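Inside the fold
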Amino acid sequence: MAASLREPPFISSPSSSSCDTDDEGVRGTCEDASLCKRFAVSIGYWHDPYIQHLVRLTKERKAPEINRGYFARVHGVSQLLKAFLRKTECHCQILNLGAGMDTTFWKLKSRSCELQATDKSGSPPVFDEDLLPSKYFEVDFPMIVTRKLHNIKNKPLLSKPIIELHSEDMLQMDGHTLDSKRYAIIGADLRDLSELEEKLKKCNMNTQLPTLLITECVLVYMTPEQSTSLLKWAANTFETAMLINYEQVNMDDRFGQIMIENLRRRQCDLAGVETCKSLESQKERLLASGWETASAVDMMELYSRLPRAEVSRIESLEFLDEMELLEQLMQHYCLCWATKGGQELGLKEITC
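I will try to describe carefully the structure that is included in this document.

Cut-offs and rules
Residues numbered from 1 in each chain as written. Predicted model: local features only at pLDDT ≥ 70, side-chain atom pairs only at ≥ 80, totals over all residues. Heavy atoms only, no water. Patch = residues over 30% accessible without salt bridge, like charges linked within 9 Å, V, L, I, M, F, W, Y side chains within 5 Å. Areas by Shrake-Rupley, 256 points an atom, 1.4 Å probe, with all protein chains shown as cover. Salt bridge = Lys/Arg side-chain N within 4 Å of Asp/Glu carboxyl O. Lys, Arg positive; Asp, Glu negative; His and termini not counted. Charge placed at Lys NZ, Arg CZ, Asp CG, Glu CD. Helix = DSSP H or I, 4+ residues; strand = E, 2+ residues; numbered from the N terminus. Phe/Tyr/Trp six-rings, centres within 6.5 Å; stacked < 30°, edge-to-face > 60°. Buried < 20%, exposed > 50% of the residue type's maximum accessible area, 1.4 Å probe, protein only. Lys NZ or Arg CZ within 6 Å of the ring centre and 35° of its normal. Axes fitted to C-alpha atoms, helices over the stretch in contact; angles between N-to-C directions. Parallel < 35°, antiparallel > 145°, perpendicular 65-115°, else oblique. Contact = heavy atoms within 4.5 Å. Nonpolar A, V, L, I, M, F, W, Y, C, P; charged D, E, K, R; others polar. Polar contact = N/O pair within 3.5 Å; in protein donor to acceptor, adjacent residues only side chain to side chain. 1 Å grid on protein atoms, 1.4 Å probe; cavity = no way out; pocket = protein on both sides within 12 Å on 5 of 7 lines; lining within 4 Å. Points joined across faces, edges and corners; volume = space filled by probe spheres on them. Core = buried A, V, L, I, M, F, W, Y, C linked by side-chain atoms within 4.5 Å.

**Some thoughts on a negative patch on the surface**
A contiguous patch of negative charge, built from D321, E322, E324 and E327, is present on the exposed surface. Mapped onto the fold, E327 is located in helix α13 (residues 323-330).

What follows is the structure, encoded as structure tokens:
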């Protein structure tokens, strides 16, 4: 029997009350990042018809340097992700660890943007390359997952793509987990690796499949010991894998110290900041954790590599008063990527 899309066929199981009261400051960074992305999308930095169904638009304007920083981040991660999908011909899985309100799964699923399809100009829809992996996993704190699941269940634009790809009549969902044929979202603590692996395997994670792991501003909130354990687990668990990590760098200078102090005032401690001293320290910890290749670039360098036409477009969206502040900010964030195995696929050739 065909599933109704007006009322998504989710079977909700009762969930036990969560005592998830720790890490409030870290969870708050998810809200901050989501609001920044939502604002940048609203003024045209990039196209994302899904984020509005997960994140409210606030009246507060975000600074131009923040918007450009998020544009570079989204562009850089997307370029590496798409390169991995092409190399593996989508016969792979993606694990987005600390995914928050990320919309990548829906953007990969959508072969044409609905807003473009209804363009009043009469132009035909612009079709994107079909780059959906065999399965896409998201993991985050249970409290964040519960909120995202509520939106997925109640917003047809989010639930419909999951249902369309699911071969069964019903999707089982509890307060902290949803598992379907091509998409799963799991509430778990990344510092508890036995729990993480158990939950992923219950959702049919395949360790033999080429795997891309994504961590955006995640490892820095873990102690070096905890993040190293996660990195080693990833390198040891999957035969063929790639990691994309976005977070702070060059944090030993005065600007970096100001960033740390500002976050501490908001009860958010960068527990892993000592691993963010330099691009070299970022690469070294990846290699020391069992990854075979490691690359890193600061976001100002990445920004300078963006297509000139795209840079001109986004720089015309709003006036930036101080280019120096943008440069300082971008020099304190980096994009790192590492690979293990996959020589026959050419994973070592991936760059951004």
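**Comments concerning the packing of aromatic side chains**
The description of an aromatic ring pair rests on the distance of the ring centres and on the angle between the ring planes. Inspection of the entire model under this criterion finds six aromatic pairs. Between the aromatic rings of W106 and Y183, the centroid separation amounts to 5.3 Å while the plane-to-plane angle is 55°, which identifies the pairing as tilted. Separated by 77 residues along the polypeptide, W106 in helix α3 (residues 104-109) and Y183 in strand β6 (residues 183-187) bring together distant segments of the chain. Just as W106 is buried, Y183 falls in that class too. When the ring of Y246 is compared with that of Y333, the centres are 5.6 Å apart and the planes differ by 5°; the resulting orientation is stacked. Of this pair, Y246 sits in strand β8 (residues 241-248) while Y333 is found in strand β10 (residues 333-340), placing the two residues 87 residues apart along the sequence. In this structure, Y246 and Y333 share a single accessibility class: buried. Through pairs of rings, three or more aromatic residues link up here, namely F105, W106, Y136 and Y183. One cation-aromatic arrangement involves R27 over F141; the distance from NZ or CZ to the ring centre is 6.0 Å.

**Side note on the packing of helix α5 (residues 142-154) against helix α6 (residues 156-164)**
As a packed pair, α5 and α6 sit with axes 5 Å apart at the nearest point and diverge in direction by 85°. In this view, α5 runs roughly perpendicular relative to α6, as classed from their interaxial angle. Contacts between α5 and α6 involve N151, I152 and N154 on the former and, on the latter, P156, L158, S159 and I162. By residue class, the composition of the contact of α5 with α6 is four nonpolar, three polar and no charged.

**Brief notes about the side chain of S281**
With respect to the helices and strands, the residue S281 is situated in helix α10 (residues 279-288). Looking at S281, its side chain comes within polar contact range of the main-chain oxygen of S278, at 2.8 Å. The contacts of S281, once residues within four sequence positions are left out, are T275 and C276.

**A word on the layout of surface pockets**
If a probe the size of a water molecule is rolled over the atoms, the empty space left behind becomes visible. The calculated volume of the largest pocket comes to roughly 1400 Å³. Lining the largest pocket we find 48 residues, and of these T29, Y70, C217, Y221 and Y333 sit closest to its centre. Elements that contribute at least two residues to the lining of the largest pocket include exactly α1 (24-42), α2 (64-87), β8, α9 (254-265) and α13. Considering every element that reaches the lining of the largest pocket, the biggest residue donor is α1, with nine residues. The residue inventory of the lining of the largest pocket, partitioned by class, reads 26 nonpolar, eight polar and 14 charged.

**Examining the packing of α1 against α2**
Direction vectors running N to C along α1 and α2 enclose 95°, while the axes themselves pass 10 Å from each other. If you check the angle between α1 and α2, you find them roughly perpendicular. Between α1 and α2, the contacting residues are A33, C36, K37, F39 and A40 on the first element and I66, N67, Y70, R73 and V74 on the second. In terms of residue class, the contact of α1 with α2 is made up of seven nonpolar, one polar and two charged.

**Examining the nonpolar core**
Ranked by size, the top nonpolar core spans 79 residues in total, and within it Y183 and L335 carry the most contacts. Setting aside chain neighbours within four positions, we find Y183 in contact with F105, W106, K135, Y136, E138, K148, I152, I162 and L178. Ranked by size, the runner-up nonpolar core spans 32 residues in total, among them L97, V139, I186 and L219.

**Structural notes on the pattern of salt bridges**
All told, the structure shown has 22 salt bridges when counted by the stated rule. Close ionic contact of D189 with R191 constitutes a salt bridge, the shortest N to O distance being 2.9 Å. For D189, a relative accessible area of 24% puts it in the partly exposed group. On the accessibility criterion, R191 (31% relative accessible area) is partly exposed. Here K283 and E280 are joined by a salt bridge, their closest N and O atoms 3.0 Å apart.

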